[in-house]
Structures are given as structure tokens and as C-alpha cells.
2 protein chains.
Amino acid sequence: MTPSDEMDTKTHERLLSIAMKWYEQIKEGAIPSISMPTRTKQNIEFDDESEVWKYGDRESVRSAHTAKSALHLLKMSYVIWFLKTQLIEKRSSTLRELYYISEGWKRAKFSAQDESNFLIEDLEILTDLQREAFHLRPEEDGATIFGPLRIREMTRRGERTIHCQDDVGEAGYQIPSNVENIDLIEHDANFVIAIETGGMYARLIENGFDQDHRAILVHLKGQPARSTRRMLHRINEKFGLPVLVFTDGDPWSYRIFASVAYGAIKSAHMSELLATPRAQFIGVQPSDIRDYNLPSDTLTDKDIAALQSELSDPRFASEYWKSQIELQLKLNLKSEQQAFAARGLDFVTQEYLPKRLTEMGILS
Amino acid sequence: MTPSDEMDTKTHERLLSIAMKWYEQIKEGAIPSISMPTRTKQNIEFDDESEVWKYGDRESVRSAHTAKSALHLLKMSYVIWFLKTQLIEKRSSTLRELYYISEGWKRAKFSAQDESNFLIEDLEILTDLQREAFHLRPEEDGATIFGPLRIREMTRRGERTIHCQDDVGEAGYQIPSNVENIDLIEHDANFVIAIETGGMYARLIENGFDQDHRAILVHLKGQPARSTRRMLHRINEKFGLPVLVFTDGDPWSYRIFASVAYGAIKSAHMSELLATPRAQFIGVQPSDIRDYNLPSDTLTDKDIAALQSELSDPRFASEYWKSQIELQLKLNLKSEQQAFAARGLDFVTQEYLPKRLTEMGILS
């Protein structure tokens, strides 16, 4: 049995055990039910030990004694049946396709894709598995990687061994939606930089930053997909390489950093797989806007509100973030990472990043 | 001299000739000026012969006899100087970086990126070259390709020869922002399918459609980037392969098809390089929504207005489009391409596409 067959068998068993429990309940004359953590914002806590977002202790029980909850369990059993078939046939499908497939399920048809997505998250919690184990994938692929890293991807067409500098085009290696099929073979890197914008990612490649500093560059493409965050987590865990996050200097970008480092509320049940608590923020820091006199824009009302809410967010509860956010509110300015171009195309790779990496103890 | 050196020399000469003309004008005591096609919607025409959008005959002259126009020429000369330096140094930059670089140009500083983007389009028209020749790139990369195609990409790290099935991961080959660096070496394909959504692209890969029908699959990622359209144009031109466009069944998706086939208004000056007039629309057709009883949504007011405007759009001036659009208005419905999943995950590759390809004379 290959590792992927073993995984399928485990997934199959866990999915069926949900239905098996209902069967036992019915046999005993009880009303079938499921119980799981309450999935509201109020029940998400920052776990100090693992440093990621997790569900708290509140539990909800859904039992088939109301028509609404019975319908929910009916939909779940249809989905379990569909996923079971998919596992046996070694097929996969997108979350969107799953929603359309329910067209044929009469009363168990989903009314919108939000509903089927949410049910899949429920199944992830109940089985303690990622949706990739169910052979479900999101619409979007992950981002791209460029740097001294060799991976082996198990594709439907066989194994592909790819070096993320030597075997790829200028745009890099495209992270697939399911990164569990990837083996991280070896690297020759000192650290990983995860970069918000495509323009800065291309700048670092053009300037040879990956070669000069033996850096693995990962393009986040804005708010990163699950597969991108999972990839960063795995590289950090397997190789112990520092992961540095380089974004624009505004409150929305700080949230990109926070979702890489500590997880996102929407995927709180997967934080331990997706988050990289040791990830560090490089910039753009509010103090950089001041120190380098970067081209900037005035904060909007929404920016200010977002910064203020970050001041009470446990993910930003450090002296560093407190002083940076307060400075930004005082400056009333934000800057993009590409604003460094105002000081020349080499400034970011020759001056800014080496200085920050030294400050952070990554370069000596 | 390599082909890329030759291209740089030609670009250098053409850029400088703009400034040289001003110099001659000044020497003769004339006010420096540029003259170029008027860049308004009213001056864009559908060229029946080449079947793409082009600028019409109206010309505008910008001469430095008003302060505003003089400032425009000043900005253009700064940009020409910057691009010249960039060509000599073999550097490149993003459109966003160019905007930031103008920070140091005092009165010639751009007030917004729209302004610098527009000026670059002016330079494309004046030099009859693509911005790639200036070593400028957009923020976003192109989409991905999966299929029996071998390409050679000239990267900054040397040549990479990549087969778009055998040498790539499951997500395919990532099209770089500058496809002029790519040689199309060889293929073993019958046709190309350009696909709007990532979900359908992944479906065709999973179902082995590229193998069974020897198809090159190109993911458009919604409204396609210039580099993606240029790549389709080049594959069609070099190999003479049919290019088929597979999108959702709504007016916005028909515009995606039209921009692949006939060009977009914004890049009308580049249509002959970017458009593929022989591209054909596969679906989702309004008649498919009816014939296959696809899951669908009601048209919104905006959808209806867009369909009505397409009825008078020269790009849709055919009996085929007229009857399809009128049918859609009558049905008052739209469907997504992934809606085929309601009939099973194999339906699209086993039934729908083979039937359409036969109707269209691609399969016999």
C-alpha cells in the first residue's frame, strides 16, 4: 500500500465512522446527532502555547430532533457518500463542483456554495483531517516558489522532481492546490522570504537575491491560499528555516503576516497545520516609512479603524507591534513595498533587506 | 549579437528617435510635438480585414505650446531616459516601480499610476513595440499551461527547456509576464482549449482530456493577461492549431472570448500581436443551458444590459451570436462551466466537449 492509499483508507474510515455513530444511536433508540466545537468568533481563542488560533471549549450538538438539523445531517450523509465514492474511484473535485453535484440530491441540495463549504469545514473538524484528504480542492491554485529548493511532486502522471531554480521558468514553480502530494527533498537555503506582491517577488528574482543570500522566495499573491500557508509551514517544520514575511506597510498587509504566522479565523480548526508561529515580519514597517521617507498615502478611515482593532488583537499583542502601529497612526501614512523603487531598483536588495536581516539576527 | 541584444538596440533607437524629432523641431525653431492616433473609444474601429480592434484615422497632436502639453512631453522625456538606461543596464521593472521611480523627477513626477501606464501605452504606439521591449512588466504573471507542448524559456539564469506535461507539477507551466523570451519548440497536439476557471482547467487535467484528445490546456484565470493572450496568438500562428475558448455562459464571459479573439479596447494598438481572430467559442452556450438543463441563475439587470450591448457590438455581429444572445435573453438564465458537474464529473469530458468538438469540425 502506498502512503496515499493508506491516507485514503484512514479518511474513508473516519468519514464512515460519523455515519456509523448515527447508526448506533438509532439502534439504541436515540436521536442521531453530531457534536462539535461551536464555530463562532466568540469560541475562537489564541492558544498561547502553540501560538495559533484554535477553537475554544464550547460545544454545539446538532441532533435530528428538529427538521432543520435533520436536514443538515441528511446533507452530511449525502456528502459522506459522495466523498466515499470519490475516494474509492481515486477521483477528486472542486468545492464548486461538489455544490453543483448536490443538484441531484433532492431535499439535500445545497442552497448556495457557502453552505457546502461550511459543511466540508465541519467534516474537517469531525475527522481531524484536511479537505485535501477528501480529495477536495479549492478553485484557486497556490502561489509560486523560486529558490534553492528541490521538491518531488506526485502527480497523476507520475512523480516529478523539480528544482525551484534550475527546472522552472522565470515565474517559478507553481504550488498545486494539494501540497500533501509534495515531498520536500533538499535545500541550500538560509531562509525563506514570503512576499505579498508579484512586483516585489519579480524584483528579488531579477536582482538575484535568492542566489546572493541563498533565499527561497515565495509569492503570497495577496491573502495567501491555504496551500501556500501549508507549504510555508512544511518548509519551516522540515528544514527549520526562518520564514520572513515581506508585505506592504498597511493594516491589511499586517493581517497577511498574521494569517501566515498565527492562522486565520476561517481556518481556525486547521491552524496547527497551516500556521507558522515562528514566522517573522520584515516590513514594510511604519518606522521604515519615516526612516526612508518612502512615497506614501494618507490613511483612510478604514485603515485607521483596522489599525485600532489590531491594537486589541492578541496576534499583535507585543511591544514591537504596539509601537509600530501607534507610530503609523501618528504618521497617518501607509506605503507599498514597491515604493522602495523611488530610491532605485537595487535599494531593496542591496540596502533595505540586508539591514533588516542583520537587525533580526538572520544575517550576521 | 543575440536576438535579444538586437531587439534592445532597435528599441533603444526607436525610443531615442522620439526625442531626436523634438531636437530637430527645436533646431528649426518649431515647437516640439508628438502626433499619434486619438486614443478615445470613438476612434477604435473593428478592422474587417484583420478581424481585430484597431485605432482609426483620427490623429491628435500634442505640442509644447501649452504648459500642460509641455509637461506631458517633459514626463515622456524622463521616461525615455529611464528606459534607455534600463536597456543599457539590462534591467527591467514593473509598471508600478516606474511610477514610484518618478518620485525623484520633480515636476515630471506622475500623479497616479494610471498616468504612467497611459504614457507607456503612448510609447508603445509611437515606437510600434510592446512594453516588453522596454523591459517593463505588469504586476501579474500570466496563467498556466498543461499539455503536449515543449517550450524553451530564456531566463536570467539561462535557458530552460520545459515540456508542459512531463516537466511540470500538477498545476502546469506558469506563463511568465514576458512571453517574448519563449521559443515554441514542438507540440503533439490537435488543438488548444483556453479555459476560464481554475476548477474546469483542473477537471480537464484530472480526466486526462489533454492526453485522450492531445489538447493543450491554457488556464485564462478570468479576463486574461496580455501575456496569456500573446501566448495563444503565438501558438495559433506558429503551429496553426485551432484555439477554442471555454468559459461560463454569461455576457462577461463572452467578452473574455472576444478579447482573446478580437482584442480589447484598452490594448487596441497591440491587437495584431495579442488577438487570435481564428479562435472559436465552445461554450457554455445559452442553448447548452436549455439542452442540458444546467443548474443556472436568473440574469441580473446588469447581465441583461451587457447582453443587449453585445447585440450591437461588431465582435458579436454574426448569426450565431445573435441567436444565442437572443435565446439567453428569452431564457433569462446563465450557467457556469462547472455546472456540468451536476451531470457527473465525467460528463464534460466524455459527452459535452467531444460533441461540441465534432459539431465544430475539430473532431471527426
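Values in this document were obtained by computation on a predicted structure and should not be read as measured data.

Student: I'd like a description of helix α13 (residues 347-359) of chain A, backed by residues and values.
Tutor: Residues and elements named next belong to chain A. Between its first and last C-alpha atoms α13 spans 17 Å; for 13 residues at 1.5 Å apiece the expected length is 18 Å, and the two agree. Of all the bends in α13, the largest measures some 30° and sits at Leu353, one to four residues before the proline Pro354. Within α13 the residues assigned to the buried category are Phe347, Val348, Thr349, Tyr352, Leu353, Pro354, Arg356 and Leu357. Count one or two residues on from α13 and you reach Gly361, which has phi positive near 80°.

Student: Tell me about the sheet that holds strand β9 (residues 158-163) of chain A, and name the residues and values.
Tutor: All names here are of chain A. Ordered in space as β9-β8-β11, the three strands form an open sheet in which the pairing is antiparallel. Of all the strands in the sheet, the pair left with one neighbour each is β9 and β11 (182-187). The mean angle between the axes of side-by-side strands here comes to 20°, regardless of whether they run parallel or antiparallel. In this sheet, β11 lies alongside strand β8 (residues 149-155) in antiparallel orientation, the contact comprising five bridges.

Student: How would you summarise the sheet that holds strand β11 (residues 182-187) of chain B if you had to cite specific residues and measurements?
Tutor: Residue and element names in this part refer to chain B. Strand order across the open sheet formed by three strands is β9-β8-β11, with antiparallel pairing between neighbours. One side of each edge strand has no neighbouring strand; the edge strands of this open sheet are β9 (158-163) and β11. Across the sheet, the axes of successive neighbouring strands diverge by a mean angle of 20°, strand direction being ignored. On the sheet, helix α7 (residues 226-239) packs against β8 (149-155) and β11 and is oriented at approximately 50° with respect to β11.

Student: Run through unusual backbone geometry, naming residues and quoting values.
Tutor: Backbone torsion omega between Gly283 of chain A and Val284 of chain A reads 10°, so that peptide bond is classified as cis. Here Val284 of chain A lies in the loop between β15 (280-283) and α10 (286-291). Phi at Asn332 of chain A is positive, roughly 60°, even though this residue is not glycine. Assignment of secondary structure puts Asn332 of chain A in the loop between α12 (319-331) and β17 (333-334). Unusually for a residue other than glycine, His135 of chain B sits at a positive phi of about 65°. Take His135 of chain B: it is sitting in the loop between α4 (113-127) and β6 (136-137). Its relative accessible area of 17% is what places His135 of chain B among the buried residues.

Student: Residue-level account of the environment of Met231 of chain B, with values.
Tutor: Residue and element names in this part refer to chain B. If you trace the backbone, Met231 turns up in helix α7. With a relative accessible area of 1%, Met231 lands in the buried category. Expressed as a C-alpha distance, the spacing of Met231 and Gly142, which sit 89 residues apart in the sequence, is 9.2 Å.

Procedures and definitions
- Residues numbered from 1 in each chain as written.
- Chains lettered and ligands numbered in written order.
- Predicted model: local features only at pLDDT ≥ 70, side-chain atom pairs only at ≥ 80, totals over all residues.
- Heavy atoms only, no water.
- Helix = DSSP H or I, 4+ residues; strand = E, 2+ residues; numbered from the N terminus.
- Expected span 1.5 Å × (residues − 1).
- Bend = angle between axes of the 7 residues up to and from the residue.
- Buried < 20%, exposed > 50% of the residue type's maximum accessible area, 1.4 Å probe, protein only.
- Pairing = 2+ DSSP bridges.
- Axes fitted to C-alpha atoms, helices over the stretch in contact; angles between N-to-C directions.
- Contact = heavy atoms within 4.5 Å.

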